Amino acid sequence: MTNPETKAQYEGAILSQLVKNAEKLSVIEFKFSQIEPKIDNLDHRLGKVEPKIDNLDHRLSEIEPKINNLDHRLSEIEKLLGWLKIIGGGVVAIALSLIANFIYSYLI
């Protein structure tokens with residue numbers, strides 16, 4: 001850097017880099033200024049949505065025990081229907097046997 005020309009070139013390179021950085025910063029600031037209103041809008045919309053989500057969560061916690069109760073009751077009904085199938089099959093067999101015996105008694 002003892003040579004004045006080299007010092008001037010060095011300072012010029014630094015100045016050139018500062019100008020490029022300033023241009024990049026200007027572009028970033030411009031893009032941010034365009035994005036900022038969108039972010040504000042999203043923030044506003046999120047503020048409206050959050051209470052609705054909280055309300056849905058609350059309602060779900062109220063409904064969940066009812067669903068579990070219905071599921072339990074449905075299981076009980078399915079068990080009863082299983083027994084009714086078994087009992088019903090027996091009743092049908094007994095009824096058919098009685099009818100067959102009645103018919104047979106007329107034939108004899």
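Once a new chain begins, its residue numbering starts again from 1 and follows that chain's sequence as written. Given that this is a predicted model, residues contribute local features only at a pLDDT of at least 70 and side-chain atom pairs are listed and counted only at 80 or more, while totals for whole chains, interfaces and linings are drawn from all residues. Only hydrogens and water are set aside when side-chain values are computed; all heavy atoms of the structure are taken into account.

Engineer: An account of the overall build of the protein is needed here, citing residue identities and associated values.
Structural biologist: Only runs of H or I of at least four residues qualify as helices and only runs of E of at least two qualify as strands under DSSP, and these elements are numbered from the N terminus. Scanning the protein from N- to C-terminus turns up one helix and zero strands. Each radius of gyration reported is based on C-alpha atoms, and the globular scaling rule is 2.2 Å times the count of residues to the power 0.38. For the protein, the C-alpha radius of gyration of 43 Å lies well beyond 13 Å, the compact-globule estimate for 108 residues. Counting only C-alpha atoms, the protein reaches 140 × 30 × 20 Å along its principal axes. Partly exposed residues are those whose accessible area sits between 20% and 50% of the maximum for their type, while under 20% is buried and over 50% is exposed, using a 1.4 Å probe and protein chains only. Put simply, the protein has 108 residues, and 0% of those count as buried. Reported accessibility uses the Shrake-Rupley method at a 1.4 Å probe radius. Residues are deemed covered only where the shown protein chains occlude them. Here the protein has roughly 10,200 Å² of accessible surface; of this, 65% comes from carbon and sulfur atoms. Charged residues are defined here as Lys and Arg on the positive side and Asp and Glu on the negative side; His and the ends of the chain fall outside this count. Where a charge lies is defined by one atom per residue type, namely NZ (Lys), CZ (Arg), CG (Asp) and CD (Glu). In the protein, 13 side chains carry a positive charge and 15 a negative one; their mean positions are 6 Å apart.

Engineer: Go over a nonpolar patch on the surface, please, and point to the residues and values.
Structural biologist: Taken together, the side chains of V92, L96, I99, F102, I103, Y106 and L107 present a nonpolar region at the surface, about 800 Å² in accessible area. Looking at the element boundaries, V92 is found in helix 1 (residues 4–107). Patch membership is restricted to residues that have no salt bridge and whose relative accessible area is over 30%. Joining uses 9 Å for like charges and 5 Å for the nonpolar side chains Val, Leu, Ile, Met, Phe, Trp and Tyr. Salt bridges, as used here, are contacts in which a Lys or Arg side-chain nitrogen is within 4 Å of a carboxyl oxygen on Asp or Glu.

Engineer: Could you give an account of the environment of E36, with specific residues and numbers?
Structural biologist: With respect to the helices and strands, E36 occurs in helix 1. On the accessibility criterion, E36 (36% relative accessible area) is partly exposed. Between the alpha carbons of E36 and A100 there is a distance of 89 Å; along the sequence they are 64 residues apart.

Engineer: Explain the environment of D57 to me, and be specific about the residues and the numbers.
Structural biologist: By the element assignment, D57 lies in helix 1. A C-alpha to C-alpha distance of 24 Å links D57 and N41, two positions 16 residues apart in sequence.

Engineer: Report on the pattern of salt bridges, specifying residues and quantitative values.
Structural biologist: Using the criterion set out here, one finds one salt bridge in the structure. Here E76 ties to K79 by a salt bridge, and the two come within 3.7 Å at their closest N and O atoms. Of this pair, E76 and K79 both sit in helix 1, three residues apart, roughly one helical turn. Residue classification places E76 among the partly exposed positions, given a relative accessible area of 34%. Residue class for K79 comes out exposed when judged on its relative accessible area of 53%.

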